[in-house]
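# Summary of the model geometry
In case you want the letters, here they are:
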Amino acid sequence: MVEISEDPIHPERVIREVEREANGAVVTFVGTVRSPSQGKEVLYLEYEAFKEMGERKLRQIAQEISARWQLADVAICHRVGRLGVGETSLVIAVAAPHRQQAFEACQYAVDRLKQIVPIWKKEIYRE
Amino acid sequence: MKIKARFFALYRELTGSSELELEVEEGITVAGLKEKVTRDFPQLQGHAHSLMMAVNSEYAAPDVKLSPGDEIAFLPPLSGGSRG
């Protein structure tokens, strides 16, 4: 399941998407808005996405994981719009029979997302 | 022929528009359109080297030929995901 949306992301909802009896491990990455950044206090972030292409590229990441680790239970949710410090911007959950695959695939998804998914971040600082 | 150009994030701010219908010559390539648009919008010229282009929501090589009605997205360097 992949999604780019303005709505708040709830990690437990994303985890439920990937839970199945055959899976012995679920690895979840939660990305949040942090401050300071670049040495400055962040007031809030604005994420913008080219939604249609973005969701297409998230599906591509899930397919790449399926091909490489034979894992089908992957969920990637990225939030867009205005986010305050501490809010969740990204949740990725990967389930697998064994933890090794789940850790590797989750790391891959986080790194790959930055390479190919058309999303842009704008940080607004306290001057 | 007519094609649709879409500008996102920084490029929307620089060009002042998110979407434009452009009249271009038949058989123009992705690289050709990039040259035309950076000529029409000088404020994009400093960014030409880091600008990525997608045709109909898929990244496209510079030599790809465009067809009427294609949607070409001008994409700034990506910064989605998390720095964490």
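First, a word on what this report is: a plain description of the structure on this page. (Residues numbered from 1 in each chain as written. Chains lettered and ligands numbered in written order. Predicted model: local features only at pLDDT ≥ 70, side-chain atom pairs only at ≥ 80, totals over all residues. Heavy atoms only, no water.)

### Quick notes on the overall build of chain B
Counting its regular elements, chain B contains two helices and five strands. For chain B, the N- to C-terminal ordering of α and β elements is β-α-β-α-β-β-β. Over its C-alpha atoms chain B spans a radius of gyration of 13 Å, differing by no more than 12% from the 12 Å that the globule rule assigns to 84 residues. Considering only C-alpha atoms, chain B reaches an extent of 45 × 25 × 20 Å along its principal axes. A buried classification covers 44% of the 84 residues belonging to chain B. Sequence-distant contacts in chain B: of pairs separated by 6 or more residues, those separated by 24 or more amount to 54%. Within the structure as shown, chain B displays about 4,100 Å² of accessible surface, and the carbon and sulfur contribution to it stands at 52%. If you average the places of the 9 positive and of the 12 negative side-chain charges in chain B, the two averages end up 5 Å apart. (Helix = DSSP H or I, 4+ residues; strand = E, 2+ residues; numbered from the N terminus. Rg over C-alpha atoms; globule rule 2.2 N^0.38 Å. Buried < 20%, exposed > 50% of the residue type's maximum accessible area, 1.4 Å probe, protein only. Contact = heavy atoms within 4.5 Å. Areas by Shrake-Rupley, 256 points an atom, 1.4 Å probe, with all protein chains shown as cover. Lys, Arg positive; Asp, Glu negative; His and termini not counted. Charge placed at Lys NZ, Arg CZ, Asp CG, Glu CD.)

### Some thoughts on the interface of chain A and chain B
Counting from both sides, the interface comprises 24 residues of chain A and, opposite them, 21 residues of chain B. Between chain A and chain B, a total of about 1,900 Å² is buried, with carbon and sulfur atoms accounting for 52% of that surface. Ranking the residues of chain A by area buried against chain B places Phe50(A), Lys114(A) and Trp120(A) at the top, with a combined share of 33%. Along the contact surface separating chain A from chain B lie five salt bridges. Glu58(B) is the partner of Lys57(A) in a salt bridge, and the nearest nitrogen-oxygen pair spans 2.5 Å. For the pair chain A and chain B, the interface holds 15 residue pairs in polar contact (both at pLDDT 80 or more). For the side of chain A that touches chain B, the elements supplying multiple residues, two or more each, are strand E2 (25–32), strand E3 (42–49), helix H2 (51–69), strand E6 (88–96), helix H3 (99–116) and strand E7 (119–125) of chain A. (Buried area = accessible area lost by both parts, 1.4 Å probe. Salt bridge = Lys/Arg side-chain N within 4 Å of Asp/Glu carboxyl O. Polar contact = N/O pair within 3.5 Å; in protein donor to acceptor, adjacent residues only side chain to side chain.)

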